[in-house]
Amino acid sequence: AYQPQPAHKFTFGLWTISNRGRDPFGEPVRDPLPPNDAVAMLGDVGAWGVNLHDNDLVPIDATAAERDRIVREFKAAMQQHGVVCPMATVSLFTDPIFKDGAFTANDPQVRAYAVQKTMGAMDLGAELGATIFVLWGGREGTETDACRRPDDAVKRLREAVNYLCEYNIAQGYQYRFAMEAKPNEPRGDIYMSTTGSYLGFIPTLDHPDMVGVNPEVAHETMAGLNFTHAVGQAWDAGKLFHIDLNDQNPGRYDQDFRFGAANPRAAFFLVKFLEDVGYAGPRHFDAHAYRTEDYEGVKAFARGCMRTYLILKEKAARWNADAEIQAIVKAAHGDGANLGPFSADSARALANREFDRKAIAAPGLAYEQLDQLTTEILLGVR
Ligand code: GLT
Ligand code: MN
Ligand code: MN
């Protein structure tokens, strides 16, 4: 039981299992893990796929010949270890050229280079079979708002994404773009700080159908928000193109913990939502092992992410099949017809309808009992 299968679509970023445990105060604690070895590790732990930034695989200063050799060997490693690449992305945050942002930077040369670099990352991903392209604007933000007007940043971001959508069409790539929000870190404040911000931005694009979101557990949680609510809104809008699973304590730095490590309860409601609605995309773990770990610990971390997901999936099925739980849920939903479409008649009928406010408000909803039963399922006694 709890064995990952390809059908579960569990993926890891190359940057996640290769994370060397560097932090702002400390040097790396793990030796570099070459990309092809990372693919072998993912095959070993039973993951379905690997995702990557352009420079996770190809160094930023590689020659064309070096790039082609690296890509050829990486494809061979993917083949050998039975690992696919469903998602690609681009590093628009590591190189010093992006210190003032990428698509939103003030210098038009930086903005043009960012788009050029993204086109190259799209070429790379397409070669590896990716059909989802994530854009995380980690440097798109400010420490001081003296540097630019925030609406100019939005306009520049729109211009870049529109351009990239046209490139997607011109090249005949099948990408769907997934925009990833984060409130802060590495910038003091990042534009498009929540998934909801992107859901407002996307309809202003030239090709809104091509663009959705990639919500990350840690990023909404850093802002003190309910992640599953953000995912629910994205799902309702038809925009849940990808998802970054990890864990995070509110009010801290971006922790990127193993899935379910900090708040298994919130993880449960998330897994239950994804499974209930039938989300069919990759379950991507954008997390990394504690800095205390060697590569055995990294494997334990990766296996743990997938195993916890599958345990919570089983718990969700148990919750759905629990008669007492379902009776409370059913009773709490009340009875009577829905509002229905507006018409002059229905509005008149509604205006004249009598509501017994006291009687409707009187019964308790038994959410205490419902929540306790949920806890007992999670704690394994039910
Ligand atoms: C970086 C970031 C993640 C993003 C990745 C994609 S890179 O690790 O913290 O949340 O998803 O660019
Ligand atoms: Mn992420
Ligand atoms: Mn993160």
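Details of the structure are given in the entry above.
Residues numbered from 1 in each chain as written. Chains lettered and ligands numbered in written order. Predicted model: local features only at pLDDT ≥ 70, side-chain atom pairs only at ≥ 80, totals over all residues. Heavy atoms only, no water.

J.: Any chance you could explain the overall build of the protein chain here in plain terms?
T.: Along its length, the protein chain carries 15 helices and 10 strands. Over its C-alpha trace the protein chain gives a radius of gyration of 23 Å, about what one expects of a compact globule, namely 21 Å for 382 residues. For the protein chain, the spread of C-alpha atoms along the principal axes amounts to about 75 × 50 × 40 Å. Long-range pairs, those at least 24 residues apart, make up 78% of the contacts in the protein chain between residues at least 6 apart in sequence. As displayed, the protein chain has an accessible area near 18,900 Å², and 53% of this comes from carbon and sulfur atoms. (Helix = DSSP H or I, 4+ residues; strand = E, 2+ residues; numbered from the N terminus. Rg over C-alpha atoms; globule rule 2.2 N^0.38 Å. Contact = heavy atoms within 4.5 Å. Areas by Shrake-Rupley, 256 points an atom, 1.4 Å probe, with all protein chains shown as cover.)

J.: Please clarify how unusual backbone geometry should be interpreted in this entry.
T.: Among all residues save glycine, negative phi is the norm, and among peptide bonds the norm is trans. Cis geometry is adopted by the peptide bond preceding Pro186, which originates at Glu185 and carries an omega value of 10 degrees. Tracing the backbone through its elements, the reader meets Pro186 in the loop between β6 (176-180) and β7 (189-190). Positive phi, normally seen in glycine, also occurs at Glu185, with a value near 75 degrees. Here the phi dihedral of Met192 falls at roughly 55 degrees; this positive angle occurs in a residue that is not glycine. Tracing the backbone through its elements, the reader meets Met192 in the loop between β7 and α7 (195-201).

J.: I would appreciate a short explanation of the sheet that holds β6 in the present structure.
T.: Strands in a sheet are paired, the pairing made by backbone hydrogen bonds, and the direction either parallel or antiparallel. Spatial ordering of the open sheet is given by β8-β6-β4-β3-β2-β1-β10-β9, a layout of eight strands whose pairing is parallel. Of all the strands in the sheet, just β8 (211-213) and β9 (244-245) have a single pairing partner and so form its edges. Sitting on the sheet, helix α5 (residues 108-128) is in contact with β2 (49-53), β3 (87-89), β4 (132-136) and β6, with an inclination near 145 degrees to β4. (Pairing = 2+ DSSP bridges. Axes fitted to C-alpha atoms, helices over the stretch in contact; angles between N-to-C directions.)

J.: What is the right way to read the pairing of β6 from this model?
T.: On any regular strand, side chains alternate: one points to one face of the sheet, the next to the other face. For β6, the buried fraction is high: four of the five residues fall into the buried class. Strand direction decides the pairing type here: β4 and β6, joined by five bridges, are parallel. If you follow Leu135 over to β6, its bridge partner there is Met179. As judged from the three bridges shared by β6 and β8, these two strands associate in the parallel manner. The residue bridging Phe177 from the neighbouring strand is Val211, located in β8. (Buried < 20%, exposed > 50% of the residue type's maximum accessible area, 1.4 Å probe, protein only.)

J.: Help me understand the site of ligand 1 in this model?
T.: Around ligand 1 sit Trp15, His53, Thr89, Phe93, Trp136, Glu180, Glu216, His219, Asp244, Asp254 and Asp286, and those are all the residues in its vicinity. His219 has a polar side-chain atom sitting 3.4 Å from an oxygen atom of ligand 1. Contact with the protein chains hides 90% of the accessible area of ligand 1, taken as 310 Å² for the molecule alone. (Near = heavy atom within 4 Å. Polar contact = N/O pair within 3.5 Å; in protein donor to acceptor, adjacent residues only side chain to side chain.)

J.: Would you mind going over the environment of Arg318 with me for this structure?
T.: Tracing the sequence through the fold places Arg318 in helix α11 (residues 295-321). Assessed through its relative accessible area of 40%, Arg318 is described here as partly exposed. Not counting residues up to four positions away in its chain, the partners in contact with Arg318 are Ile377 and Arg382. One polar contact links the side chain of Arg318 to the main-chain carbonyl oxygen of Arg382, over a distance of 3.4 Å.

J.: What exactly am I supposed to notice about the pattern of salt bridges here?
T.: Two side chains carrying opposite charge are able to pair once their charged atoms lie near each other. Under the definition given, this model contains 18 salt bridges. Salt-bridge contacts for Arg67 lead to Asp68; the nearest nitrogen and oxygen are separated by 3.1 Å. Asp68 sits in the partly exposed class, given a relative accessible area of 38%. Between Lys299 and Glu296 there is a salt bridge, and its shortest N-O distance comes to 3.8 Å. Of this pair, Lys299 and Glu296 both sit in helix α11, three residues apart, roughly one helical turn. (Salt bridge = Lys/Arg side-chain N within 4 Å of Asp/Glu carboxyl O.)

J.: I would appreciate a short explanation of the packing of aromatic side chains in the present structure.
T.: Remark: the centre distance and the inter-plane angle together describe each pair of aromatic rings, the angle taken between the planes. By the definition in use, this model includes 16 aromatic pairs. On the basis of an interplanar angle of 75 degrees and a centroid distance of 5.5 Å, the ring pair of Phe10 and Tyr309 is categorised as edge-to-face. Note that Phe10 is positioned in strand β1 (residues 10-13) and Tyr309 in helix α11, a separation of 299 residues in sequence. The same class applies to Phe10 and to Tyr309, which are both buried. For the pair Tyr198 and Phe201, a centre-to-centre distance of 6.2 Å together with 65 degrees between the ring planes defines the contact as edge-to-face. Of this pair, Tyr198 and Phe201 both sit in helix α7, separated by three residues, roughly a single helical turn. This pair shows no difference in class: Tyr198 is buried, exactly as Phe201 is. The rings of Phe10, Phe12, Phe259, Phe285, Phe301 and Tyr309 are connected pair by pair, giving a single aromatic cluster. (Phe/Tyr/Trp six-rings, centres within 6.5 Å; stacked < 30°, edge-to-face > 60°.)

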